[in-house]
Amino acid sequence: MRIFTNRPKLNTMPVRGVGKAWATKLSTTSRVAPRYAYFSGASGNYVSTGDSSALRITGDLELRVRAAPNDYTPTAIQALIAKDGVGPGTRSYVLYIDTDGTLVYGWSVLGTILITKSSTSAVGVADGNIKWLRVVHDVDNGAVGNDVKFYTADDNTNYVQLGSTVTTAGTTSIAETSAIATLGSAGAGVDNRFAGRIYEAEIYSGTTRVASWDANLTVVGALQSVGRHGEIWTVSGEAYIGT
């Protein structure tokens, strides 16, 4: 954590945005805490970026999310990051946290039915704690199979594998669909709604990062930000940027 000395007093005021959403307007450029998107778990609350060729990943995939769920063992499965629509042929990939505290990764080969794999261990931290949560999918492990590995970390560098590698017989692929990418839900705010804070998220094609969202890059007083790869991210519903 960065520590600031002789820092000015921080004042905040709500600024109305699109619909019922809110953003936080800061009266100083000094930042004493990281920003985040807060999700209540209500329908229609999510952060999204539009479909693009970069997000239509059909091979090896990696998803990373820095999050603080209100409950690491929620009463219903919750989506952290997804490219998983609601219409036929719009399902690609998604990372969830399950009711038993494990991480669940899902992908679709044809865009219809998800194949899901769970971590063999629970995340196992106190509710509300911040963690980097990560899944890596090797669609062809070189041994006529595909591997899913889960990880956790306190930063975005020193990851520890969560449980064992989940290997499935047969190589696989991921459906190339037109779904938008979302944080805090699947199905554009409709399904598997998340309750808690999300600070950052990254999507990789193989080992190349192709999209990233960082709450600290959200324009003060606005509900949109530009990701590090030029993608536009939008806060929807009553989700809001806080500090």
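Anything mentioned here points back to the structure above.
Residues numbered from 1 in each chain as written. Predicted model: local features only at pLDDT ≥ 70, side-chain atom pairs only at ≥ 80, totals over all residues. Heavy atoms only, no water.

### What to know about the overall build of the chain
Short version of the rule: Only runs of H or I of at least four residues qualify as helices and only runs of E of at least two qualify as strands under DSSP, and these elements are numbered from the N terminus. Categorising residues by exposure relies on relative accessible area from a 1.4 Å probe, with only protein chains included: less than 20% of the type maximum marks a residue as buried, more than 50% marks it as exposed, and the intermediate range marks it as partly exposed. We call two residues contacting when some pair of their heavy atoms lies within 4.5 Å.
Along the backbone of the chain there are zero helices and 19 strands. Looking at the chain as a whole, 47% of its 243 residues are labelled buried. Put simply, of all contacts in the chain between residues at least 6 apart along the chain, 61% involve residues at least 24 apart.

### Some words on the sheet that holds strand β18 (residues 232-236)
In plain terms, the rule: In short, DSSP must find at least two bridges between two strands for them to pair. Here, axes are lines fitted to C-alpha atoms. For helices the fit covers the stretch in contact, and angles between N-to-C directions go from 0 to 180 degrees.
Ordered in space as β9-β8-β7-β6-β14-β4-β18-β17, the eight strands form an open sheet in which the pairing is antiparallel. Strand pairing shows two members of the sheet lacking a second neighbour, β9 (115-118) and β17 (224-226), which therefore form its edges. Direction aside, neighbouring strands of the sheet carry axes that sit 15° apart on average. As paired elements, strand β4 (residues 46-49) and β18 share four bridges and run antiparallel to each other. Each bridged residue has a counterpart across the sheet, and for T49 the counterpart in β18 is W233.

### Some words on the environment of D138
What counts here: Polar contacts, as counted here, are pairs of nitrogen or oxygen atoms within 3.5 Å of one another; within protein the pair requires one atom able to donate a hydrogen and one able to accept it, and residues that are adjacent in sequence qualify only if both atoms are side-chain atoms.
Positionally, D138 belongs in strand β10 (residues 131-138). Separated by 76 residues in the primary sequence, D138 and E62 have C-alpha atoms spaced 8.8 Å apart. Beyond its immediate chain neighbours, meaning those up to four positions away, D138 contacts D60, N146 and D147. At 3.1 Å, the side chain of D138 forms a polar contact with the backbone nitrogen of D140.

### Description of the pairing of strand β5 (residues 61-69)
Walk down a regular strand and you will see the side chains alternate between the two sheet faces. Most of β5 sits out of view: nine of its nine residues are buried. Neither face of β5 is open: one carries L61, L63, V65, A67 and P69, the other E62, R64, R66 and A68, and all of them are buried. Across seven bridges, the pairing between β5 and β10 is antiparallel. Residue A67 lies in a different strand from β10, and its bridge partner there is K131.

### Describing the packing of aromatic side chains
The condition is simple: Pairing of aromatic side chains here covers Phe, Tyr and the six-membered ring of Trp, requires ring centres within 6.5 Å, and sorts the geometry by plane angle: under 30 degrees stacked, over 60 edge-to-face, intermediate tilted. Only when the NZ atom of a Lys or the CZ atom of an Arg is both within 6 Å of the ring centre and within 35 degrees of the ring normal do we say a charge sits over the ring.
Taken as a whole and judged by the stated rule, the model has five aromatic pairs. Aromatic pair Y36 and Y199: ring centres 5.6 Å apart, planes at 65°, arrangement edge-to-face. Here Y36, found in strand β3 (residues 36-40), pairs with Y199, found in strand β15 (residues 195-205); they are 163 residues apart in sequence, far enough to count as distant. Overall, the relative accessible area of 13% leaves Y36 in the buried class. Against the face of Y159 rests R134, its NZ or CZ located 4.7 Å from the ring centre.

### What to know about a nonpolar patch on the surface
Spelled out, the test is: Candidates for patches are residues over 30% relative accessible area with no salt bridge; among them, like charges are joined within 9 Å and nonpolar side chains (Val, Leu, Ile, Met, Phe, Trp, Tyr) within 5 Å. All accessible-area figures derive from a Shrake-Rupley calculation using a 1.4 Å probe, and residue coverage is judged against the displayed protein chains alone. Counted as salt bridges are all cases of a side-chain nitrogen of Lys or Arg within 4 Å of a carboxyl oxygen of Asp or Glu.
A surface patch of nonpolar side chains, amounting to about 270 Å² of accessible area, comprises V109, L110 and I115. Note on placement: L110 falls in the loop between β8 (103-107) and β9.

### A look at the pattern of salt bridges
If you walk through the whole model with that rule in mind, you get nine salt bridges. Across the pair D154 and K131 runs a salt bridge, and its minimum N-O distance is 2.8 Å. Pair noted here: D154 is in the loop between β11 (145-153) and β12 (160-161) and K131 is in strand β10, with a separation of 23 residues, a long-range link. Of the residues examined, K131 reaches a relative accessible area of 15% and is grouped as buried. Connected through salt bridges with shared partners, the residues D51, R56, K83 and E176 form a single ionic network.

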